[in-house]
Every structure is written in C-alpha cells, then in structure tokens.
Amino acid sequence: MTEAIGRFIRQSIFSYKALFGWISPKAYITSKIVGPIFQLLFFCLLTRYSYGSENIARWVVGNSLVFCYLNAFFGIGTIMTNERAAGTLKLVVAAPYSKFLTFLGRSLMHVLDGIFNVALSLFTGIILFRIDLSGINMTLFAFNILAAVISASGLGLTIGSLGLVVKDTNLMLNTASTALLALTGANFPIEKLPLLLQKLAYCLPLTRSIQAAGLLLQGANASRALELMLLEIALGTAYTLLGYFLLQLMEGLSRKKAALDLF
Amino acid sequence: MKLILSSCFLQMQLSFSRSMFRYCLLVDPIFFALITYMIYKDSSVENFIAYVILGTGLSSLFNNIVFSSAGDIDRERYMGTLEMIFTAPGGFRNIILGKIIGNTLLGLLSMLVVVVFLNIFFGVNMKIASPMFFVMAMLLSVVSFIAISLIMAAIFTLSRNSRGLMNCISYPVMILCGFYFPITILPEWSRVFSYILSPTWAVKLLREAVYGIKDYSSFYMESGILLALSAAYIVLFIILAGVMEKRVRVKATLGVY
C-alpha cells in the first residue's frame, strides 16, 4: 500500500516536471509568475478605472482564483497531447494500469501548483493594491481556494481526456480558460450577463468559489459561503467523473480509429 | 515584391488553417469584447465603446502578430525548415516580412468581428466622427504594428525561449499602451515606457478620430511621433537582423530546438 502511494506520488512529480516543461525555471517564471501578475494587474486597473472604486478586493480575489486554470487546463488538460508529442501515449494506453489513476496521479502536482499560483496572485494583489483581508475567515478562504482548484481540475481532466482522439485540444483549452475570465464573475457580476450565459456560468468551475469569496470578503453568511464551496467541489467531482467516462470512451475510440499517434 | 506577396498569401492560408490562430482571431476578441463591455456597461466612463472596440481590436491584432511572429519562427524551427528559409535566395527578411504582413492583414479581421458581435448581441455601434482621419490613423497603426513584429521576429529567431516571452508580453503592452483605459491612471514613471511604445500613439490617434478631432495640429504631431517611432523600430530591426544573421551562423543554433 505504502509502495503504491509512493509510486503514485513519484509518477506525479516526474510527469509534472517532464510534461509540463518546467525543467527550465525560466519557462516557469515567465508563464506562471510574470504573465499572471501582469494579467492580474491589467484586470484590476481596468475594474478600478471603470467602477471608480478604490476598494477592488473582490476583483483581486476573483482574478486570482481564475489563475488555477493555468494548471487545470494547460497542465492537466494537455497530459494526453503532451504524451502524444513525446511519443509515449501508446505506452500509457497499453500499460496494464488504470488510465484514470495515471491521470489522477499526474494531476496531483498540478493541484498543488495551482494553489501556489492562486496564493501568489493574491499576495501580489494585496501588496500592489493594498487590499485588507484581515477580517476574513482564513480557514474558509483557504478551503475555497482548494475547492476552486479541484473544480477547475475536473474540467481540465474532461477536456484532457478528449486529447486521446482530438489532435489539437489547444483551441478547447484556450476557449475554456477565456470563458472562465468572462463568465465566472471574476471581473463583473454575472447578473449582468444575458440569462443564457448566466446559466452557462453556473455550469463552469469557479463561479461558486468567486461568489463564496465575495461573501467572505463582505464578512457575511459563512454558512452560505461554505455551501457554495461544497457545491463547487461537487461540480468538480461531476467533471472528474465525466472525464473518467470520456477517457474510457475515447480510449476505445482511439484504439478503434488507430488515432493514438496521429498528429 | 512578388516574393513578399507570395509569402504573405501563403502565410494567410497557413495561419487560418491553425486552430490557435482562429482562436486568436475570432474567439478571443469576442470574449474580451464581452468582458470589457460588461465591465464598462454601467460605469460612468463616457464614450467607453471606443475603449471596448479599439482596445479589443488592437490587442487582438497585437496578439496575432506577436503569437505568429514568435510562433511561426518556433514552428519553422520545430519542423526543421528555419534553416531553409534563412538561406533561401529570396532573403529571410523578405519572407518574414511577407509572413508578418499576412498575419497583420488577417489580424485586422478581429476588429470587424468585435464590431459585428457587439452590434448583433448588444445593439452597440461605434460612430466615427472623423472617418478619413480614422482610416489614416489605422494605416499608420498597421505600419507600426508590422515594424514591431519585425523586431520581435528578429528577437525570436535569436532566442529559443520565445514561447515564454510570447506568453507574457501581451498584458504589459495592453497596460502600458492604454488599450482599454487611459495611461494617465498609471504611475508617472511608467508612462516613459508608454511613450516609447508606438501602439500608445496608435490607440490615441484612433480614439481621437472616433471622438472627433478637436486639435488638428496635435493630431498631426501625434501622427508624426507614430511615424518616427515606426521608422526607429525599422532601423532597430535592420541592426538586429544584421546581428542575428551573424550570430546564428557563428553559433549554429538556428535549428537547435
């Protein structure tokens, strides 16, 4: 049992380093630190200018939470396409080991890295915009970050499983990540959206986490915030299960169509 | 000229066949237009539609040329064809110029996409008070964006870390050049960078043409600054291209991925 857990963790670390391309710290710094900081800065300056409010804590928190898409989508979501590019996808599929566990194992480091990313963005936002989070329930807030990352990872897993048959998942991943910026309430209240898009927003990860963060910032109704976080985790679990189902389906399809190594 | 045109048309076909380019051209501008429109919708900022449409259009154009300048060099390197186009008798600079013009022309479609999207879904129109000056400002902007793209292509040919740079360059430019908000909200020290970046002047001229030009001498002066900066970028490109050509031959790293 201990050996199996050890193997699970080892595989997670190795695949994270190898497939996510973080062998070079330069790539990590530009893509995961510098890029997100400027993105945060851009949206916070825009919302501050537009809403004319000095108190932009809600937008700092919302935009920071959104950054978990970097790992969820471009880490977990690209596992299959990266395996294909490395020529190892057929080995993964043919290995006598659960594909789902392989997938989950490879997601572990991304979940941790995603939490780090959100925390770093928050820290930057707090420093740059002098945000005061002293009155916030930190335990619930930390749990909210975890819920957001789990939920986004679920969607990443679902899109990633399509990578077994779809040659280019980049379009889907980029669309999904921009949709998170636009539809989850990170930059404006989702009530402003047309009704159809509001319904879509509630099917996306992060919407509830951002709402919960808003409630925590207001210092009101911790039980409602907790409820939203649990719903967020439930949504993430639903996406993970959908990802599992799709993975089984796509594995069968890719074997049938012999599309595993096709570029 | 024939080579530049051939390279331009081939590039347009190749770019449009890539899903990521279609995303940058069609999907990304729509989402950005939606975000900025929704943020500005109930704000007290007057004439915000110009910010939304010009901001989204110009940032998409910028992203398209950056991603393609960097991405195309990267792709040529990955496919092992960079050495071939580098040593082609037609000249590497001409081929790259053709590619950049092709991507820039396609990139202009983004603005059209945003205008159509906002009109259909939100009934929003952008009235241009000085259309002739708008066309003039747009032409100057396109020349300027091509000049920026040339510099980037030279840098990306030299460096194999182009992808990282490419991923983090858009937002600083959007902030510093005031695509979505005036640069006066930025700290004074940072405006030095804004003024040496030609898109700052491009977006300023376009916005003035949309609102209606009040001070013609100021408009002409700003146009002159934009032209001067574009010329300076082209000179910088020529210098960089010389350095690049020498260095990649000495180091033999052109095709090293």
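For the structure, check the block above.
Per chain, residues are indexed from 1 in the order of the written sequence. Chain labels run from A onward and ligand labels from 1 onward, assigned in the order the entries are written. Local features in this predicted model are restricted to residues of pLDDT 70 or higher, and side-chain atom pairs are both shown and tallied only at a pLDDT of 80 or more, whereas totals for entire chains, interfaces and linings draw on every residue. Side-chain metrics in this entry use all non-hydrogen atoms of the structure; hydrogen atoms and water are not considered.

**So, the overall build of chain A**
Here a strand is any run of E in DSSP of at least two residues, a helix any run of H or I of at least four, and the numbering for each starts at the N terminus. Along its length, chain A carries 12 helices and zero strands. Ordered by position from the N terminus, the helices and strands of chain A form the series α-α-α-α-α-α-α-α-α-α-α-α. Restricting the calculation to C-alpha atoms gives the radius of gyration, and the globule rule supplies 2.2 Å times the number of residues raised to the power 0.38. Taken over the C-alpha trace, chain A has a radius of gyration of 19 Å; the compact-globule value for 263 residues is 18 Å, and the two agree within 12%. Its C-alpha atoms put chain A at 55 × 40 × 35 Å along the principal axes. The buried label goes to any residue with under 20% of its type's maximum accessible area, the exposed label to any with over 50%, and the partly exposed label to all in between, with areas taken from a 1.4 Å probe on protein chains only. Relative to its full complement of 263 residues, chain A shows a buried share of 54%. Throughout, a contact is declared for two residues whenever any of their heavy atoms are within 4.5 Å. Restricting to contacts in chain A with at least 6 residues of sequence separation, those with at least 24 account for 78%.

**Digging into the packing of aromatic side chains**
Between 30 and 60 degrees the pair is tilted, below 30 it is stacked and above 60 it is edge-to-face, where a pair is any two Phe, Tyr or Trp rings, Trp via its six-membered ring, whose centres lie within 6.5 Å. Scanning the model with the defined rule gives 23 aromatic pairs over all chains in all. With a centroid separation of 6.2 Å and 40 degrees between ring planes, the pair formed by B:Phe32 and B:Tyr180 is classed as tilted. Of this pair, B:Phe32 sits in helix H2 (residues 19-41) while B:Tyr180 sits in the loop between helix H8 (162-176) and helix H9 (191-196), placing them 148 residues apart in sequence. Per residue, the accessibility class of B:Phe32 equals that of B:Tyr180, and both read buried. Each residue in the set A:Tyr49, B:Tyr37, B:Tyr40, B:Phe48, B:Tyr51, B:Phe117, B:Phe121 and B:Phe122 is aromatic and connected to the rest through ring pairs, giving one cluster.

**Quick notes on the pattern of salt bridges**
Opposite charge on two side chains permits pairing when their charged atoms draw close. One side-chain nitrogen of Lys or Arg within 4 Å of one carboxyl oxygen of Asp or Glu is enough to make a salt bridge. Considering all chains together, one arrives at five salt bridges over all chains under this definition. A:Arg224 is the salt-bridge partner of A:Glu227, the closest N and O atoms lying 3.0 Å from each other. Taken together, the positions of A:Glu227 and A:Arg224, both in helix H12 (residues 222-257) and three residues apart, correspond to about one turn of that helix. Assessed through its relative accessible area of 41%, A:Glu227 is described here as partly exposed. On the basis of relative accessible area, A:Arg224 is assigned to the partly exposed category, the value being 33%. Notably, a salt bridge pairs B:Glu208 with B:Lys204, separated by 3.4 Å at the nearest N-O pair. You can see B:Glu208 and its partner B:Lys204 sitting in helix H10 (residues 198-211), four residues apart, about one turn around the helix.

**Observations regarding the side chain of B:Thr200**
Residues and elements named next belong to chain B. Structurally, the position occupied by Thr200 is in helix H10. Polar contact criterion, stated in full: a pair of N or O atoms within 3.5 Å, where within protein one must be able to donate a hydrogen and the other to accept it, and residues adjacent in sequence count only if both atoms are side-chain atoms. Here Leu197 takes part through its backbone oxygen, which lies 3.1 Å from a polar atom of the side chain of Thr200. With residues up to four places along the chain from it excluded, the contact list for Thr200 reads Leu176, Cys177, Ile183 and Ser194.

**Quick word on the environment of A:Leu140**
Residues and elements named next belong to chain A. Along the polypeptide, Leu140 turns up in helix H8 (residues 138-161). Note: C-alpha distance between Leu140 and Leu173 (33 residues apart in sequence) is 29 Å. Dropping the residues within four chain positions of it, Leu140 is found in contact with Leu216, Ala222, Leu226 and Met229.

**Observations regarding the interface of chain B and chain A**
Of the residues lining the interface, 33 residues belong to chain B; the matching set on chain A comes to 32 residues. By definition, the buried area sums, over both parts, the 1.4 Å-probe accessible area that each loses when the two are put together. Buried surface at the junction of chain B and chain A, both sides included, amounts to about 2,800 Å², of which 76% is carbon and sulfur. Ranking the residues of chain B by area buried against chain A places B:Met38, B:Ile39 and B:Tyr171 at the top, with a combined share of 22%. Counting across the interface, chain B meets chain A through one salt bridge. For A:Lys192, the salt bridge goes to B:Asp42, with nearest N and O atoms at 3.7 Å. At the surface where chain B touches chain A, the tally comes to four residue pairs in polar contact (both at pLDDT 80 or more). Looking at the side of chain B that touches chain A, the elements with two or more residues in it are H2 and H8 of chain B. Here the element with the most residues in the side of chain B that touches chain A is H2(B); it accounts for 14 residues. Partitioning the side of chain B that touches chain A into residue classes produces 23 nonpolar, seven polar and three charged. Residue polarity is assigned by list, with Asp, Glu, Lys and Arg as charged and Ala, Val, Leu, Ile, Met, Phe, Trp, Tyr, Cys and Pro as nonpolar; anything else, Gly included, falls into the polar class.

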